[in-house]
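# Architecture and fold: a report
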Amino acid sequence: MVFKDLAHEQFYEGNVIRAERQHDPYRSALFYLLGLTEDTRRHINDLYDFREDSIRLEGLNNGWQTGTTVRLTRLAFNLYSGNTGEHEEETHSFSPYYLFDNGLMPYFFEGIKLRYPAYAVDIKRDWLPFVPAKDIYDELEQ
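To start, this report covers the structure provided alongside it. Since the model is a prediction, treat every value here as computed from it, not as a measurement.

Calculation rules
- The residue count restarts for each chain, going from 1 along the sequence in the order it is written.
- Totals for whole chains, interfaces and linings use every residue, but because this is a predicted model, local features are given only for residues with pLDDT of at least 70 and side-chain atom pairs only at 80 or more, for both listing and counting.
- Excluded from the side-chain calculations are hydrogens and water; all other atoms, namely the structure's heavy atoms, are used.
- Helix and strand labels come from DSSP, where a helix needs a run of H or I of at least four residues and a strand needs a run of E of at least two; each type is numbered from the N terminus.
- Residue burial is assigned from relative accessible area. The probe radius is 1.4 Å, only protein chains are included, and a residue is buried under 20% of its type maximum, exposed over 50%, and partly exposed in between.
- Residue contacts follow a heavy-atom distance rule, with two residues in contact if any of their heavy atoms lie within 4.5 Å.
- Residue exposure ignores everything except the shown protein chains as possible cover, and the areas themselves are Shrake-Rupley values with a 1.4 Å probe.
- Definition used in this section: a nonpolar core is a set of buried Ala, Val, Leu, Ile, Met, Phe, Trp, Tyr and Cys residues joined via side-chain atoms within 4.5 Å.
- What makes a salt bridge here is a side-chain nitrogen of Lys or Arg within 4 Å of a carboxyl oxygen of Asp or Glu, nothing more.

## What to know about the overall build of the chain
What the chain contains, in helices and strands, is 8 helices and 2 strands. Taken from N to C terminus, the helices and strands of the chain fall in the order α-α-α-α-β-β-α-α-α-α. Considering the chain as a whole, with its 142 residues, one finds that 40% of them fall into the buried category. Across the chain, contacts joining residues at least 24 apart in sequence account for 59% of those joining residues at least 6 apart. Looking at the chain as shown, the accessible area adds up to about 9500 Å², and 52% of this sits on carbon and sulfur atoms.

Given below as structure tokens:
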């Protein structure tokens, strides 16, 4: 797992333990993503209810949210519960076209891998690479 910085790693580990869900891919992805920025770390209680063990959708509309934090919160909520907004016109905001348009994209992929560990395997290349045959014109020139 790749962390953005030490604060990100500590936030992730601390909240997975706090939620008592060390082996839960839903919360692993959620806390990994929400730990990416100082704003989302600082406002974790606006985004996740530890007593109810659930996300707080209203946290998407808080005044502290920025363009970047709202994108990562949307992805975190989507990976946690499949949420794509409360209204049909919001669904475009949960599309990869909109969500991945920022500098946190490599970390977003890490969050997706946490959520879907069974599918996040390395692709092995057991085949030989394609080597094109010599061009017939090369042979004629010789």
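## Describing unusual backbone geometry
Even without a glycine there, the phi angle at Asp53 is positive, about 60°. Looking at the secondary structure, you find Asp53 in the loop between β1 (48-49) and β2 (54-55).

## Comments concerning the environment of Gly67
In this fold, Gly67 is placed in helix α5 (residues 67-81). Separated by 32 residues in sequence, Gly67 and Leu99 have C-alpha atoms that sit 9.7 Å apart.

## Considering the nonpolar core
Among the nonpolar cores identified, the biggest contains 33 residues, and Leu30, Phe31, Leu33, Leu34, Tyr48 and Phe108 are the most heavily contacted of them. When contributions to this core are tallied by element, the ones reaching two or more residues are α1 (6-18), α2 (25-34), α4 (44-47), α5 and α7 (105-115). Apart from residues lying up to four places away in sequence, Phe108 is in contact with Leu33, Leu36, Arg71, Leu72, Leu75, Leu99, Phe100 and Asn102.

## Notes on the pattern of salt bridges
In this structure the tally under the stated criterion is 6 salt bridges. A salt bridge links Asp39 to Arg42; its shortest N-O distance comes to 2.4 Å. Taken together, the residues Asp39 and Arg42, both in helix α3 (residues 38-42) and 3 residues apart, mark about one turn of the helix. With relative accessibility at 24%, the residue Asp39 sits in the partly exposed group. Residue Arg42 is classed as partly exposed on the basis of its relative accessible area, which comes to 49%. One salt bridge connects Asp49 with Arg56, and the closest N-O pair in it is separated by 3.0 Å.

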